[in-house]
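If you want the building blocks of each chain, they are given just below.
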Amino acid sequence: MRLGEVLLSALKDAGARHLYGIPGDFILPFFEQVEQSDILPLVTLSHEPGIGFAADASARMSCKPAAVAVTYGAGALNLVNAVAGAYAERSPLFVIAGCPSEAERGSGFLLHHQAKTLDSQYRIFAEITCDQARITRAEDAPEIIARLIRSCETYSQPVLLELPRDMATEPCEPVTLRGPVPFEADAVNACAEEVLQRLQSAESPVLVVDVEIRRYSLEAEVAELAHRLNTPVVTTLMGRGLLAETPVPVLGTYLGEAGDPALAQLVEESDAPLLLGAILSDSNFGPSGRRFDVRKAMLVSNRQVDLGYHSYHNVPIGALVQALLDRLPETAARARPEPPETPQWEADDQPLTPRDIALGINEFLAESREPIPLASDIGDCLFTSLDITHTPMVAPGYYASMGFGVPAGIGVQLTTGQRPIILVGDGAFQMTGWELGNCPRLGLDPIVVLFNNRRWEMIRVFQPNSRCSELGDWHYAGLADELGGLGLRVATRRDFKAALKEADQARGSFVLIEAMLEPDAVSPTLRQFADRLQAKRKAAG
Ligand SMILES: Cc1ncc(Cc2c([C@H](C)O)sc(CCOP(=O)(O)OP(=O)(O)O)c2C)c(N)n1
Ligand SMILES: [Mg+2]
């Protein structure tokens, strides 16, 4: 086999479903093999941020590495922001970046697409990947590819493979994938004993779940653990949507002072919070007005368990969850709790608000005969998602890059085959919304709800007198028809409900529902956030 085919076969064996990519001359020989071998279907979009976000969402939904290939310099550096978001939010991207051959490196010329030095690309990616390698000899390729795939899986973070243009067609031995990184069972058992002792001697333990329980495919096991421990379960902002397909009655999403006060009290006053797979970020734990006390918590993250003033190292979260389950008696299965009553919603001629969008979507989800995952961008649409029924969701809740939503929805539908609802603000849509133009070619039909408040509202909340946040009205629904989809521009509750119904019937093409919002119409969560900011400004004088 040739090196390109060996690489594609190894990625497919590791669970990659597609190769997302945009070609260029430094990576073209590899793209030729992608197309000729058909080992992984090639998905091209219009801009590297788009393929990066789509691949990231694919990895989050499949819980397996997702492959993305770009050309040297201009292509790879365009991808940096999406890879940085995947690194921060623990998403396993396998990045294949073209680069000059050894002969070209010695040409004495500055090469096209070169930034500062020929190694700039490699050094920049070293900051946003957990492992990196460049293949300079085909005989080293199987070992390098096996090592990178194992790093990607073990740490659930991006890795970089630099593929010189002349390497892809070299004869190459197949890859033998390596098993998981070894760990010490005794250490895991000792850790499980201590965690269990803390939980069982606590007055008010609480389970706070976050992204790693999905990244390591542990939702079913964690649901069983929650059941056997019989503790309340909440998610972090990043963990929104977790356990939605299990019988666990998730109480909601912890947002500190910006969210449900009773839920904040449950977490902040717990004497044994178990943070399972949690990213200890400001967006997850920062809004805790009462200062969430990490020292009381048991933090299980990134193969480490921190308990107060000491830690256990090299403890895979899956091994710990299993060790805890082994120490807890099975108990009678519980029926899946009745879904919470969807609040009554009057689809009348009142102007639309973000909360109405959430209630309209809840009704739509309740009536749907098939699962509907969510993909959300950053902005008030993400805060609005907190009022939507708990359902599988991908969103950049911590790294918080705009532009994630639409490409992520494309990656979700390609990976799951399920028609997603995409939530996106007008500002973020202006960045990557045009990727919708690829849906007809890819046979995808997401439903997009565009929150059109004609501004960067979040910026205005942070800086009320900012004039730069005004975006104007671009009439996006009208553009949808040109891009091969159906565009519906609505301003009232009644019209929004009708638009969702029309979208439900319009299978086979994307539907862009442009929801017109009054400038100061924000979600209850953003309102709470803004009021808190205002109060802090006043107190600071
Ligand atoms: C790539 C990128 N650029 C800039 C920002 C900063 C930023 C936000 C966060 C604070 O970082 S929220 C926001 C405005 C979003 O506007 P829109 O999509 O219309 O949503 P909404 O009107 O609901 O705010 C910006 C510019 C960002 N998060 N990501
Ligand atoms: Mg906006």
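Residues numbered from 1 in each chain as written. Chains lettered and ligands numbered in written order. Predicted model: local features only at pLDDT ≥ 70, side-chain atom pairs only at ≥ 80, totals over all residues. Heavy atoms only, no water.

Per an unreviewed UniProt entry, the protein goes by Indolepyruvate/phenylpyruvate decarboxylase and derives from Saccharospirillum salsuginis. You can read under Sequence similarities (unreviewed entry) in the UniProt record for the protein the words "Belongs to the TPP enzyme family." (UniProt positions renumbered as here; feature names shortened; annotations may be inferred.)

Distances from the magnesium ion (ligand 2) to its protein donors, Asp426 (OD), Asn453 (OD1) and Arg455 (O), fall within 2.1 to 2.2 Å. Each donor residue of the magnesium ion (ligand 2) lies on one chain, and together they are spaced D-x26-N-x1-R. The residues Asn453 and Arg455 share a single accessibility class, namely buried. (Donors = N, O, S within 2.8 Å, 3.2 Å for Na, K, Ca; no water. Buried < 20%, exposed > 50% of the residue type's maximum accessible area, 1.4 Å probe, protein only.)

Once that is clear, we can look at the state of the cysteines. Counted according to the given criterion, the structure contains zero disulfides. The thiol of Cys381 is unpaired, and the distance to the nearest cysteine sulfur, on Cys439, comes to 17 Å. For Cys381, a relative accessible area of 2% translates into the label buried. Judged by relative accessible area, which is 0%, Cys439 ranks as buried. (Disulfide = S-S within 2.5 Å.)

Looking at soluble globular proteins, one finds that nonpolar side chains tend to be buried together. With 47 residues, the main nonpolar core has Tyr20, Ile51, Val95, Val394, Phe429 and Leu512 as its most contacted residues. Per-domain counts for this core show at least three residues from each of domain 1 (3-164) and domain 3 (354-528). Residues in contact with Tyr20, not counting those within four places in the same chain, are Val43, Ile51, Ala54, Ala55, Ser58, Ala67, Val68, Ala69, Gly411, Leu414 and Thr415. If you look at the next biggest cluster of nonpolar residues, it comprises 38 residues, including Ile213, Val305, Val315 and Leu325. (Core = buried A, V, L, I, M, F, W, Y, C linked by side-chain atoms within 4.5 Å. Domains from an automatic or database assignment. Contact = heavy atoms within 4.5 Å.)

To continue, consider the site of ligand 1. Near ligand 1 you find 17 residues, and of these Asp380, Ala400, Asp426, Gly427 and Met458 are the closest. A distance of 2.8 Å separates an oxygen atom of ligand 1 from a polar backbone atom of Gly427. Taking Glu457, its main chain carries an N or O atom lying 3.0 Å from an oxygen atom of ligand 1. For ligand 1, whose free accessible area comes to 630 Å², the fraction covered by protein is 78%. Elements with a minimum of two residues in the shell around ligand 1: helix H17 (426-432) and helix H19 (457-462). (Near = heavy atom within 4 Å. Polar contact = N/O pair within 3.5 Å; in protein donor to acceptor, adjacent residues only side chain to side chain. Areas by Shrake-Rupley, 256 points an atom, 1.4 Å probe, with all protein chains shown as cover. Helix = DSSP H or I, 4+ residues; strand = E, 2+ residues; numbered from the N terminus.)

A separate point is the environment of Pro100. As for its placement among the helices and strands, Pro100 is situated in the loop between strand S4 (93-99) and helix H5 (102-105). Classification of Pro100 by relative accessible area gives buried; the value is 1%. In sequence terms Pro100 and Glu162 are 62 residues apart; their C-alpha atoms lie 9.3 Å from each other. The contacts of Pro100, once residues within four sequence positions are left out, are Phe26, Tyr72, Arg105, Leu111, Leu118 and Pro164.

As recorded in UniProt, the feature "domain: Thiamine pyrophosphate enzyme TPP-binding" (unreviewed entry) lies at residues 393-514. Between the C-alpha atoms that bound residues 393-514 there is a distance of 21 Å. The span itself is 40% helix and 18% strand.

Looking now at the pattern of salt bridges. Enumeration over the complete set of coordinates arrives at 32 salt bridges. Of the charged contacts in the structure, one is a salt bridge between Arg137 and Glu139, with a shortest N-O distance of 3.7 Å. A relative accessible area of 44% places Arg137 in the partly exposed class. Measuring nitrogen to oxygen at the nearest pair gives 3.1 Å for the salt bridge that ties Arg493 to Asp356. Residue Arg493 is located in helix H21 (residues 493-505), and its partner Asp356 is located in helix H14 (residues 354-367); the two are separated by 137 residues in the primary sequence. Through salt bridges that share partners, Arg105, Asp119, Arg134 and Glu162 make up one connected network. (Salt bridge = Lys/Arg side-chain N within 4 Å of Asp/Glu carboxyl O.)

Let us now look at helix H1 (residues 3-13). Burial analysis of H1 places eight of its 11 residues in the buried class, the great majority of the element. Within the span of H1, buried status applies to Leu3, Gly4, Glu5, Val6, Leu7, Leu8, Ala10 and Leu11. Taken together, the buried residues of H1 touch strand S1 (19-22), helix H2 (28-37), strand S3 (66-70), S4, helix H7 (141-155) and strand S6 (159-164). A positive phi of about 110° marks Gly15, the residue just after H1.

Further remarks concern the packing of aromatic side chains. Summed over all chains, the structure comprises 11 aromatic pairs. Taking 5.7 Å as the distance between ring centres and 70° as the angle between the ring planes, the aromatic pair formed by Phe53 and Phe404 counts as edge-to-face. With Phe53 in helix H3 (residues 48-62) and Phe404 in the loop between strand S14 (393-394) and helix H16 (405-416), this residue pair connects regions lying 351 residues apart in the sequence. Classification of Phe53 by relative accessible area gives buried; the value is 5%. Ring geometry for Phe429 versus Tyr476: centroids 5.5 Å apart, planes at 75°, classification edge-to-face. Of the two residues, Phe429 is situated in helix H17 and Tyr476 in helix H20 (residues 476-482); the sequence distance between them amounts to 47 residues. By relative accessible area, which is 2% here, Phe429 ends up buried. Residue classification places Tyr476 among the buried positions, given a relative accessible area of 0%. An aromatic cluster is built from Phe429, Trp434, Trp474 and Tyr476, whose rings are joined through pairwise contacts. One Lys or Arg, Arg165, reaches over the ring of Phe26 and ends 4.4 Å from the middle of that ring. (Phe/Tyr/Trp six-rings, centres within 6.5 Å; stacked < 30°, edge-to-face > 60°. Lys NZ or Arg CZ within 6 Å of the ring centre and 35° of its normal.)

Here we come to the domain arrangement of the protein. Domain boundaries in the protein define domain 1 (3-164), domain 2 (185-326) and domain 3 (354-528). Each of domain 2 and domain 3 has a C-alpha centre, and these two points are 30 Å apart. On the domain 3 side, the residues contacting the 17 residues of domain 2 number 14 residues. Across the interface of domain 2 and domain 3, roughly 1,300 Å² is buried in total on both sides, 64% from carbon and sulfur atoms. Connecting domain 2 to domain 3 are zero salt bridges. Run the count over domain 2 and domain 3 and you get six residue pairs in polar contact (both at pLDDT 80 or more). (Buried area = accessible area lost by both parts, 1.4 Å probe.)

Bridge analysis of strand S11 (residues 304-307) against strand S12 (residues 310-313) gives four bridges, and the strand direction is antiparallel. Looking at the pairing, Asp306 lines up with Ser311 of S12. (Pairing = 2+ DSSP bridges.)

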